[in-house]
Structures are given as structure tokens and as C-alpha cells.
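This is what each chain is made of:
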Amino acid sequence: MFYKTRSMPQLMLLKNPDSEMNNTRALEREQMVNTQIKARGIANPRVLNAMKTVPRHLFVPHAYEKEAYGDYPLPIGNGQTISQPYIVAVMTDLLNPSPGEKILEIGAGSGYQAAILVQCGVEVITIERISPVASQAKENLNRAGIDNICIITGDGTLGFPDKSPYDGILITAAAPEIPIPLKDQLVEGGRIVAPVGDRYIQVLTRIRRINNEFFTERFGAVRFVPLIGEYGWREERE
Ligand code: SAM
């Protein structure tokens, strides 16, 4: 009896490594939002809340988990990247998704940007060109407990007419210009956000469809991996 009662407090003091890790990641996420995103002027509460909620460390390869909340992009395999957190926040802010809208993302990559959009309350369809990258995105999203994103493997420069029109389209790879099929699949009043430029440096661009005309706004310089496809760049073979 005596032995048992003495051992109880010791058992209760044992730490749960999983919840400790989750607390650490939540703190890193909070710090990321404060120092990298709010501090650079993003104030949209929906965007800030999504960035604070989505566990980015579940969207990077295991070897990079400790760097998941760093102020830079990371490799995700197959020569592709998960974008810097600030760039994800800026693009989401420029798209300004409202709950209930339907958004098409081109370039699923890790699935992180799609998760941020879902967290903003929208329906998300995302297209990824590289099949193993698309499978990994699905796995990452499942690990994060997100199962309501439609992931399609294929050339996103053609859009996805079956589910069109879209309230917003986010292109997360460097486009030579906004692909015409994507403009055609946008609702009246809709917007497309994309890095537009050459293969190496681009300008963050937003176009809006108003009375069947397209109006363009340009923001800062960015660097993305190329959008490869019929209305993008050709695949370069070494
Ligand atoms: N949004 C991603 C995330 O949250 O991790 C990052 C995207 S990564 C910078 C660009 C992605 O676009 C790559 O995974 C690449 O394979 C994909 N991509 C390039 N051209 C594409 C195309 N025509 N259609 C669909 N995906 C494409």
C-alpha cells in the first residue's frame, strides 16, 4: 500500500512528449506570425488566424521539421519548395478569400497553402503537376486532419473546368503570364494572384475581372519555381 501511494505522484509527473512538442510548435507558430507576418504589415484577421492555426511542421519533410517556422522557403523533394511563410500570408491576403468562396490553387506542392485557404473558410481545389508531390500533399493534409480538399494531378495551366467558375485562383509557381484558361474560369468580380515574370524573378501580380475586363495590379518582387505546362514554361531537361 505504502509503496503504491508513493509511486503515484511520480507517475503523474511524467511528461507527455507529444503534447510538449505540440506546445513548442504552437509557440514557434505564434512567434512566426508576430515577427514575420504581423510585423511586416499583414493585418487580415482571417489570414493571421489561419497562419496561427495550421501546423506548418506537418507539411515539410521530417529532416526540416525544426526549421518549419523559419523565415524562408524549404525544399519538399522533386526539386520543389514550400514557400516562405510571409509569402504564403501575402498571397492569401491579396486573394482575400471570404468564407463560402470556391478557390482554385495551381501548384499544391506540400499542401500547406491549400490548408491555409481551407482554414479561411473556403472550398479548395488544388492542382499539382508532379504525381509523387500530389500524393505527399494528400498525406500531409491527412496528417493535419484536413480531408476536404480536392487534389488533382495534372497541368494546372489548363485550370479545372469541371468545377469552374472560381471566385479566386492562386498560382504558386512562376508564370510567364496569367494562363488564358484560368482567366476564362474566373467569376465576374473574381481575382487571380500569381508571380508573373521570367523563370528566375517575378512580380507578385493580382488581376480582377470586372465587367469582363481584366485589371492588373503589381506588388513586390518574388522568386518561385517555374509553372510548367501548356500555358506556362516548357520543362527544361539537363
Ligand atoms: N503551394 C505550395 C505549398 O503550399 O507548398 C508551394 C508550391 S511550389 C512553390 C510550386 C508547385 O507548383 C510545385 O509543386 C510544382 O510541381 C507545381 N507546378 C508547376 N507547374 C505546375 C502546373 N502546370 N500545374 C500544377 N502544378 C504545377
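Remember, predicted model here, so these are calculated numbers, not experimental data.

(A) Structural view of the overall build of the protein. Looking only at helices and strands, the protein features seven helices and nine strands. Oriented by its inertia axes, the alpha-carbon framework of the protein measures out at about 80 × 40 × 35 Å. Within the span of the protein, comprising 238 residues, buried residues form 46% of the whole. A separation threshold of at least 6 residues defines the contact pool for the protein, and within that pool the share at least 24 residues apart is 56%. By element, 52% of the accessible surface of the protein is carried by carbon and sulfur atoms, the whole surface being about 12500 Å². Counting 26 positive and 27 negative side-chain charges, the protein places the averaged centre of each group 6 Å from the other.

(B) Seen up close, the pairing of strand β8 (residues 202-210). Relative to β8, strand β7 (residues 186-197) runs antiparallel, the two being bridged by seven bridges. Across the sheet, the residue bridging to P195 is L204, located in β8. Connecting β7 to the next strand, β8, in antiparallel fashion are four residues. Across eight bridges, β8 lies against strand β9 (residues 213-222) in antiparallel orientation. Bridge pairing in β9 places V203 opposite A221.

(C) Looking closely at the sheet that holds strand β3 (residues 102-106). As summarised here, the arrangement of the seven strands in space is β5-β4-β3-β6-β7-β8-β9, forming an open sheet in which the pairing is mixed. The sheet is open, and its two edges are formed by β5 (150-153) and β9, each paired on a single side. Averaged over all pairs of adjacent strands, the angle between strand axes in this sheet comes to 15°, irrespective of strand direction. With five bridges joining them, β3 and strand β4 (residues 123-128) adopt parallel strand pairing. Note on β4: the bridge partner recorded for I106 is I127. Lying on the sheet, helix α5 (residues 112-119) is in contact with β3, β4 and β6 (166-171); it crosses β4 at an angle near 170°. Contacting β4 and β5, helix α6 (residues 131-143) runs over the sheet at an angle of about 165° to β5.

(D) Layout of the side chain of R206. For R206, the location among the structural elements is in strand β8. Residues contacting R206, with those up to four places away along its chain left out, are L94, R191, I192, V193, F215, T216, E217 and F219.

Cut-offs used in this document
Residues numbered from 1 in each chain as written. Predicted model: local features only at pLDDT ≥ 70, side-chain atom pairs only at ≥ 80, totals over all residues. Heavy atoms only, no water. Helix = DSSP H or I, 4+ residues; strand = E, 2+ residues; numbered from the N terminus. Buried < 20%, exposed > 50% of the residue type's maximum accessible area, 1.4 Å probe, protein only. Contact = heavy atoms within 4.5 Å. Areas by Shrake-Rupley, 256 points an atom, 1.4 Å probe, with all protein chains shown as cover. Lys, Arg positive; Asp, Glu negative; His and termini not counted. Charge placed at Lys NZ, Arg CZ, Asp CG, Glu CD. Pairing = 2+ DSSP bridges. Axes fitted to C-alpha atoms, helices over the stretch in contact; angles between N-to-C directions.

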